[in-house]
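# Chain and residue survey
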Amino acid sequence: MTTTSARLRELLAAPQAARAAGAHDGLTARLVEEAGYDVVWASSFETSASRALPDMSLLTMTDYLQAAAWMVQSTSLPVLADCDTGFGNRLNIAYTVQRYEAAGVAGICLEDKVFPKKNSFLAVGQTLEDPAEFAARIRVAKEAQRDPEFVIVARVEALIAGTGMEDALTRAHLYADAGADAILIHSKSQEPHEIKEFLEHWQRRTPVVVVPTTYFRWKTEEASRAGASLVIYANQGLRAAVQAVRDVLLEIRLTGDSASSEDVIAPVKEIFRLTDVDTWNALES
């Protein structure tokens, strides 16, 4: 039986880019699968926001791990978990790998910023870790894994921090040398030119993951042709839910009933279906 880690590796090695979407719990992971994506991205941004907290390293590894574990139990897709900076030093990273692997997560992503990190799209607080130290942490992560298929993604934040393309490439090569299975190159540019330049210089040394949050007009097919192996739509689901919930609740309060909203919200029977009510009821029969 193929494990989800092996499946994630197959997707990263495929000639066409795979698609991932962000989730923060079991239900959103199931919706990602039903929408036809290949991978669930266990988003630290979404998980923090679902608790009404900013993406600023406020939650613990246990909080994020619990959310990822619910996703694993709710979908057959590989779950790639956003683990921020690894929740501490090298020992914490080793423990993180072991706990996430034991929970059935297919792989984790670690970013090369200093703890406590701040979300990449905030204007302040983007302090990069020393590249040699982060490479050492990647080596520790690889040594800590027990399943050889488990995937370690090294996330390069040089373009986010404004240290330039040369630094981004230097860091990425160093992390690949340390054993990273894939590189996530991040950018907050409104256009994909930085990502394209990185991919032109990288030449598929390892698979490359991209996250087109700000350069959102770049189609998956274009990213694939440029050399990306995985495209993550990291937070669009949460943002859509926030807008939809706000609109419906406001409409109900203004009209005094929910009649005008019933055509735009999921029926209760759909929630029963998504939560496998019939399967659970059958256990009692």
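Residues numbered from 1 in each chain as written. Predicted model: local features only at pLDDT ≥ 70, side-chain atom pairs only at ≥ 80, totals over all residues. Heavy atoms only, no water.

## Looking at the pairing of strand 5 (residues 151-156)
Two faces, one strand: in a regular strand the side chains alternate between the faces of the sheet. Most of strand 5 sits inside the fold, with six of its six residues counted as buried. Burial along strand 5 is two-sided: Val-151, Val-153 and Arg-155 facing one way and Ile-152, Ala-154 and Val-156 facing the other are all buried. The pairing of strand 4 (residues 107-111) with strand 5 spans five bridges and is parallel. Bridge pairing in strand 5 links Ile-108 to Ile-152. (Buried < 20%, exposed > 50% of the residue type's maximum accessible area, 1.4 Å probe, protein only. Helix = DSSP H or I, 4+ residues; strand = E, 2+ residues; numbered from the N terminus. Pairing = 2+ DSSP bridges.)

## Description of the side chain of Thr-75
Relative to the helices and strands, Thr-75 is located in the loop between helix 4 (61-74) and strand 3 (79-82). A polar contact of 3.0 Å, which involves the side chain of Thr-75, links it to the backbone nitrogen of Leu-77. Each residue touching Thr-75, except ones within four places of it in the same chain, is listed here: Ala-29, Glu-33 and Val-40. (Polar contact = N/O pair within 3.5 Å; in protein donor to acceptor, adjacent residues only side chain to side chain. Contact = heavy atoms within 4.5 Å.)

## Describing the pairing of strand 4
Among the five residues that make up strand 4, five are buried, leaving the element largely enclosed by the rest of the structure. Alternating residues of strand 4 divide into Gly-107, Cys-109 and Glu-111 and Ile-108 and Leu-110, and every residue in both groups is buried. Examined bridge by bridge, strand 3 and strand 4 share three bridges and lie parallel to one another. Residue Asp-82 lies in a different strand from strand 4, and its bridge partner there is Cys-109. Handedness of the crossover is the feature at issue here: the chain leaves strand 3, passes through helix 5 (residues 90-102), returns alongside strand 4, and the resulting connection is right-handed. (Right-handed = clockwise from strand over helix to strand, strands pointing away.)

## Digging into the packing of helix 5 against helix 6 (residues 131-144)
Running from amino to carboxyl end, helix 5 crosses helix 6 at an angle of 35°, the nearest separation of the two axes being 8 Å. At the point where helix 5 passes helix 6, the crossing takes the right-handed sense. Residues Arg-90, Ile-93, Ala-94, Val-97 and Gln-98 of helix 5 form the contact with helix 6, whose own contacting residues are Glu-133, Ala-136, Arg-137, Val-140, Ala-141 and Ala-144. Taken together, the residues of the contact of helix 5 with helix 6 break down into seven nonpolar, one polar and three charged. (Axes fitted to C-alpha atoms, helices over the stretch in contact; angles between N-to-C directions. Left-handed = near helix turned anticlockwise from the far one by under 90°. Nonpolar A, V, L, I, M, F, W, Y, C, P; charged D, E, K, R; others polar.)

## Some details on helix 2 (residues 26-34)
Taken together, the buried positions of helix 2 are occupied by Gly-26, Thr-28, Ala-29, Arg-30 and Val-32. Tucked into the core, helix 2 has its buried residues touching strand 1 (18-23), strand 2 (39-42), helix 4 and helix 12 (268-274). Trailing helix 2 by a residue or two, Gly-36 shows a phi angle of about 95°, which is positive.

## Points about the pattern of salt bridges
Enumeration over the complete set of coordinates arrives at 21 salt bridges. Asp-55 serves as the salt-bridge partner of Lys-117, at 3.4 Å between the closest nitrogen and oxygen. You can see Lys-117 sitting in the loop between strand 4 and helix 6 and its partner Asp-55 sitting in the loop between helix 3 (44-49) and helix 4, a full 62 residues away along the chain. The same class applies to Lys-117 and to Asp-55, which are both buried. In this structure, Arg-137 engages Glu-133 in a salt bridge whose closest nitrogen and oxygen atoms are separated by 2.8 Å. With Arg-137 and Glu-133 both in helix 6, this residue pair falls four residues apart, about one helical turn. Take Arg-137 and Glu-133: they sit in the same class, and that class is buried. Through salt bridges with shared partners, a single network forms among Asp-55, Asp-84, Glu-111, Lys-113, Lys-117, Arg-155 and Glu-157. (Salt bridge = Lys/Arg side-chain N within 4 Å of Asp/Glu carboxyl O.)

## Let's talk about the sheet that holds strand 5
Pairing in this closed barrel of eight strands is parallel, and the strands run 1-2-3-4-5-6-7-8 around the ring. This sheet shows a mean twist of 25° between the axes of neighbouring strands, independent of strand direction. Alignment of strand 2 against strand 3, held across three bridges, turns out to be parallel. Its bridge partner lying in strand 3, Val-40 is registered against Val-79. Contacting strand 1, strand 2 and strand 3, helix 4 crosses the sheet at an angle of about 165° to strand 2.

These values are about where atoms sit, not about what they do.
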